[in-house]
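Here's the letter readout for the chains.
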Amino acid sequence: MSRQAVGAPLSRVDGRLKVTGQAKYAADHPTEGVVHAAIVGSTVGRGRMTGIDTRAALAHPGVLTVISHLNAPKLAYRPNPSSNNPEGGERLHVFQDDKVLFHGQPVAVVVATTPQAAQHGASLVEVRYDAEKPATDLTGTHAHDPVTYARGDADQAVQSAAVRLEMTYRTARNHHNAVEPHATIARWDGDRLTVWDKTQWVVGTQRELAAVFGLEQDAVRVISPFVGGAFGSGLRAWPHVTIAALAAREAGRPVKLVLTRKQLYAGTGHRPAYAYHLRLGSDRRGRLTAMVHDITAETSSYENFRENVLAAGQALYAMPHVRQAYRTVPLDVNTPLYMRGPGHATAAYVIESALDELAHELGIDPIELRRRNEPAKDESNGMPFSTRRLRECYTVGARAFGWDRRAPKPRSTRDGDWLIGMGMAAAAHGTLRNPAQARVLLDARGVARVEAATSDMGPGTYTSMTQVAADALGLPTSAVDFRLGDSTMPTTPAHGGSQTTASVGSAVQDGCDKLRRQAIELAVGDERSPLHGVDAGDVAVGDGRLHVKNDPARGETYQQLLARNGRTRLETLGAFTPGEPRFSTCAYGATFAEVAVDHRLGLVRVRRMLGVYDVGRIISPKLADSQAHGGMVGGIGMALLEHTVTDHRDGRIVNNNLADYLVPVNADVPDLRAIFLDGEDREADPLGVKGLGEVVHIGVAPAIANAVFHATGRRVRELPITTEALL
Ligand code: MOS
């Protein structure tokens, strides 16, 4: 028997390409005759442009052209429902009018023969404005109509509850800050457009460019084999992608556009800031009766961005009465976008902090309180759970973390000047699945090339898909060549929301299953095959061979089979279509954190963390582990460091650089550990996976916040938790 690839601790199959610099990111693709573009961003937060003086820029050596609303052609900007563009508004139409909707909005682009000339040219463009005061502050502004949810009579139930809590939590705006900046190279060949882009969804970018330029979808090709982190910022095509294509068309040359770090803050989305008011009621034993959620979040003035901030309040715990109202406030900012456990991370921070507050109020252990509120079914839709092993996550986690050493009383453990605390939080994330396809091509060498238009922003799509294909075809992983990131490949959903392994993986498996069956049919029907006449069901594959199940010596290799039959290849198209949901399927996790807080300085240090996850079957243990560590690191950032600061006088982001916007560095990242519960979810998808990219992030910030409370006795209801808040 050959070893199974799925479940084996394979290293990244693309690791060598990455560490030797051969992996090509968006800006790395060599393009004959390419010229360079630099964006001029608005220096006011709202208003109109009254004039643009491009003379100095155009006189600068190397500058070829300057494009703004004064000379740009009208673009089609067809509606694009098949994108990740937020609903209820219209996307930013670049260079189509004189309006300024947010600080840093692209108002012109300079094209030049070198990046330096383009950059310098951009600094020479003079834009005059009729500026107005922008609204960028979440407080005291009007909101869109709320999205609402209700079951029972939550207001009345909170009123009459034996125990009532009411509090407002706030979370800061966060920016994705991947290492690789967004970048686009655009090239026109007649009316056909080719784009190399940093994106989590080549098909989405293809559709958006087709809609913007009024082209057929297949007149646009988008290529993106490697993505240097994205965390959600690549889930839609931002205006700079259009600008690169527009500049290439106007300049008559291929154009490369790389955003500066500052421009990433202005133009590629962010986790919206929230104010989240929560009232809850419970009985004296900690059984929840009701929650009322009044949620306010920022969006832009021109699009209504909403995310899934309501699910946790409806289904994480059992309770008869829930009311929710989710209002978005249009502000003079760039439109937000999904970021690391979008919506869920915010809701979990609030609900899991509130549970911790209730546990403290009632003198009940936080884990015990959660156990008392475990639902028997999904109370948001009445469905049974396919798998929900949160109780096991608590048990395994408490044991591995040493939860029994936690003194119940806050501020009771010290280590010199440091106050020590332990906290925990639960997390859930609905398993997203969408239709996907994958092509499988087995050649005469017995090497399988598998292709799907998906992405790998870091979690390891190349590796996990290689493992799935290897097992289904009975090949060693070295004989599988998985390719992704090209819109000419079979269509897949966006690489986000933890859906890639479930959706694309199931399509890959289907394609490989079909190909294996094709090969077996060919063999058993071939008089010259050692497998001739064997029942197809009795043929297995392994180590690159087809053989009789209980007589492994009787068989042949794929190469032999193809050569003898004069075939250069076998080819199939795999597909996955999710069925009607009959179960509530979510990934679950319990996160534990130990922190130390310097009682004189208010400094918080995370000492160690543990995550225990119920995410179905693990395809790639090394990468799952790595993903969990990444989720914890992101959560440390959200809890303690990350905060986009806006100057509300002019709408400028003041810390738009990696010196002032704090992300965790090695010194902030302690001993991290992840445990994945063994098992699979047979209802989730053919692979039995539930997705894990989001859930590993979701419970982290509240676990840390609860540990800070346990260490200090101080409840900080605002993220990030700063030194100032603890003094
Ligand atoms: Mo993500 S926020 O699933 O890219």
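Report follows, based on the coordinates. (Residues numbered from 1 in each chain as written. Predicted model: local features only at pLDDT ≥ 70, side-chain atom pairs only at ≥ 80, totals over all residues. Heavy atoms only, no water.)

## Remarks on the overall build of the protein
Working step 1: Counting secondary structure elements, the protein contains 18 helices and 30 strands.
Working step 2: A compact globule built from 727 residues should have a C-alpha radius of gyration of about 27 Å, and the protein, at 27 Å, falls within 12% of that.
Working step 3: When its C-alpha atoms are laid out on the principal axes, the protein stretches across 80 × 70 × 50 Å.
Working step 4: Expressed as a percentage of the 727 residues in the protein, the buried residues total 60%.
Working step 5: Within the protein, contacts between residues separated by at least 24 positions form 81% of all contacts whose residues are at least 6 apart in sequence.
Working step 6: About 27,700 Å² of surface is accessible on the protein, with carbon and sulfur atoms providing 48% of the total.
Working step 7: Taking the 81 positively charged and 79 negatively charged side chains of the protein as two groups, their mean positions are separated by 2 Å. (Helix = DSSP H or I, 4+ residues; strand = E, 2+ residues; numbered from the N terminus. Rg over C-alpha atoms; globule rule 2.2 N^0.38 Å. Buried < 20%, exposed > 50% of the residue type's maximum accessible area, 1.4 Å probe, protein only. Contact = heavy atoms within 4.5 Å. Areas by Shrake-Rupley, 256 points an atom, 1.4 Å probe, with all protein chains shown as cover. Lys, Arg positive; Asp, Glu negative; His and termini not counted. Charge placed at Lys NZ, Arg CZ, Asp CG, Glu CD.)

## Concerning empty space enclosed by the protein
Working step 1: Per the counting criterion, the structure on display carries seven cavities of 30 Å³ or more.
Working step 2: Empty space within the largest cavity amounts to approximately 120 Å³.
Working step 3: Lining the largest cavity are 13 residues, with Gly-104, Pro-106, Gln-263, Ala-266 and Gly-267 positioned closest to its centre.
Working step 4: Element by element, the count of residues in the lining of the largest cavity is highest for helix 7 (residues 261-267), at three residues.
Working step 5: A breakdown of the residues in the lining of the largest cavity according to their chemical character gives seven nonpolar, six polar and no charged.
Working step 6: A volume near 100 Å³ is recorded for the second largest cavity. (1 Å grid on protein atoms, 1.4 Å probe; cavity = no way out; pocket = protein on both sides within 12 Å on 5 of 7 lines; lining within 4 Å. Points joined across faces, edges and corners; volume = space filled by probe spheres on them. Nonpolar A, V, L, I, M, F, W, Y, C, P; charged D, E, K, R; others polar.)

## Here's the deal with the layout of surface pockets
Working step 1: Taken as a whole, the second largest pocket holds about 500 Å³ of empty space.
Working step 2: Considering the residues around the second largest pocket, the lining is formed by 25 residues, among which Gly-41, Ser-42, His-103, Gly-104 and Asn-656 are closest to the centre.
Working step 3: Of all elements in the fold, only strand 1 (35-41), strand 6 (126-131), helix 7 and strand 28 (652-653) reach the threshold of two or more residues within the lining of the second largest pocket.
Working step 4: By residue number, the principal contributor to the lining of the second largest pocket is helix 7, which donates four residues.
Working step 5: Of the residues belonging to the lining of the second largest pocket, the class tally is 10 nonpolar, 11 polar and four charged.

## Observations concerning the pairing of strand 13 (residues 274-282)
Working step 1: Extensive coverage of strand 13 is indicated by the burial of eight of its nine residues.
Working step 2: Bridge count between strand 8 (residues 163-171) and strand 13: nine bridges; the pairing is antiparallel. Bridge pairing in strand 13 links Thr-168 to His-277.
Working step 3: Joining the antiparallel neighbours strand 13 and strand 14 (residues 288-300) is a turn of five residues, in which Gly-286 adopts a positive phi near 85 degrees. (Pairing = 2+ DSSP bridges.)

## Here we look at the pattern of salt bridges
Working step 1: Taken as a whole and assessed by the stated rule, the structure comprises 49 salt bridges.
Working step 2: A salt bridge links Glu-208 to Arg-91, with the nearest nitrogen and oxygen atoms 2.6 Å apart. Residue Glu-208 is found in helix 5 (residues 202-213), and its partner Arg-91 is found in the loop between strand 3 (63-68) and strand 4 (99-100); the two are separated by 117 residues along the sequence.
Working step 3: When salt bridges that share partners are traced, they join Asp-155, Arg-279, Asp-294, Arg-323 and Arg-327 into one network. (Salt bridge = Lys/Arg side-chain N within 4 Å of Asp/Glu carboxyl O.)

## A word on the sheet that holds strand 6
Working step 1: Overall, antiparallel pairing links the three strands, which are arranged 4-2-6 in an open sheet. Both edges of this open sheet fall to strand 4 and strand 6, since each of them pairs with a single strand only.
Working step 2: Two elements, strand 2 (residues 47-53) and strand 4, share two bridges in a ladder whose sense is antiparallel. Bridged to Arg-48 within strand 4 is Lys-99.

## As for the environment of Ser-11
Working step 1: The topology assignment puts Ser-11 in the segment before helix 1 (15-19).
Working step 2: By relative accessible area, Ser-11 is classed as partly exposed at 42%.
Working step 3: A sequence separation of 127 residues divides Ser-11 from Leu-138, and the C-alpha atoms of the two residues are 45 Å apart.
Working step 4: At a separation of 2.6 Å, a polar atom in the side chain of Ser-11 contacts the side chain of Lys-622. (Polar contact = N/O pair within 3.5 Å; in protein donor to acceptor, adjacent residues only side chain to side chain.)

## Considering the sheet that holds strand 19 (residues 448-452)
Working step 1: Reading across the sheet, the four strands line up as 20-19-18-24 and stay open at both edges, with mixed pairing between neighbours. The open sheet has two edge strands with one neighbour each: strand 20 (480-484) and strand 24 (569-576). Each adjacent strand pair in this sheet contributes to an overall mean axis angle of 15 degrees, direction not counted.
Working step 2: As judged from the five bridges shared by strand 19 and strand 20, these two strands associate in the parallel manner. Bridged to Ala-448 within strand 20 is Val-480.
Working step 3: Where helix 12 (residues 461-473) meets the sheet, it contacts strand 18 (436-443), strand 19 and strand 20, and its direction lies at approximately 135 degrees from that of strand 20.
Working step 4: On top of the sheet, helix 13 (residues 500-524) reaches strand 18, strand 19, strand 20 and strand 24; it is set at about 140 degrees to strand 24, its chief contact. (Axes fitted to C-alpha atoms, helices over the stretch in contact; angles between N-to-C directions.)

## Section: helix 17 (residues 700-712)
Working step 1: If you check helix 17, its first and last C-alpha atoms are 18 Å apart, about what 13 residues at 1.5 Å a residue would give, namely 18 Å.
Working step 2: Most of helix 17 is tucked away: 13 of the 13 residues are buried.
Working step 3: Two residues or fewer after helix 17 comes Gly-713, characterised by a positive phi angle close to 80 degrees. (Expected span 1.5 Å × (residues − 1).)

## Here's the deal with the side chain of His-69
Working step 1: Mapped onto the fold, His-69 is located in the loop between strand 3 and strand 4.
Working step 2: Residues within four places of His-69 in sequence aside, it is in contact with Met-49, Ile-52, Phe-95, Gln-96, Asp-97, Asp-98 and Val-107.

## Remarks on the pairing of strand 2
Note on strand geometry: in a regular strand, side chains alternate between the two faces of the sheet.
Working step 1: Most of strand 2 sits inside the fold, with five of its seven residues counted as buried.
Working step 2: Judged from the six bridges that link them, strand 2 and strand 6 form a sheet pairing that is antiparallel. If you follow Gly-47 over to strand 6, its bridge partner there is Ala-131.

## A word on the packing of aromatic side chains
Working step 1: In this structure the tally under the stated criterion is 12 aromatic pairs.
Working step 2: With a centroid separation of 6.2 Å and an interplanar angle of 20 degrees, the aromatic rings of Phe-102 and Tyr-302 are classed as stacked. Placement of Phe-102 in the loop between strand 4 and strand 5 (106-112) and of Tyr-302 in the loop between strand 14 and helix 8 (311-315) is noted, with a sequence separation of 200 residues between them. Each of the two residues, Phe-102 as well as Tyr-302, counts as buried.
Working step 3: Between Phe-401 and Phe-592 the ring centres are 5.6 Å apart and the planes differ by 35 degrees, which places this aromatic pair in the tilted class. Highlighted residues: Phe-401 in helix 11 (residues 390-401) and Phe-592 in strand 25 (residues 586-598), separated in sequence by 191 residues.
Working step 4: Between Arg-236 and the ring centre of Trp-238, over which it is positioned, the NZ or CZ distance is 4.9 Å. (Phe/Tyr/Trp six-rings, centres within 6.5 Å; stacked < 30°, edge-to-face > 60°. Lys NZ or Arg CZ within 6 Å of the ring centre and 35° of its normal.)

## So, the packing of helix 9 (residues 344-362) against helix 17
Working step 1: The N-to-C vectors of helix 9 and helix 17 enclose an angle of 30 degrees; their axes lie 9 Å apart at closest approach. By the angle between their directions, the pair helix 9 and helix 17 is classed as roughly parallel. Crossing of helix 9 over helix 17 shows right-handed handedness. On the side of helix 9, the interface is formed by Ala-348, Tyr-349, Glu-352, Ser-353, Asp-356 and His-360, while helix 17 contributes Pro-702, Ala-705, Asn-706 and Phe-709.
Working step 2: The class makeup of the residues in the contact of helix 9 with helix 17 is five nonpolar, three polar and two charged. (Parallel < 35°, antiparallel > 145°, perpendicular 65-115°, else oblique. Left-handed = near helix turned anticlockwise from the far one by under 90°.)

## Digging into the side chain of His-344
Working step 1: Here His-344 lies in helix 9.
Working step 2: Dropping the residues within four chain positions of it, His-344 is found in contact with Asn-308, Ala-311, Ala-428, His-429, Gly-430 and Ile-698.

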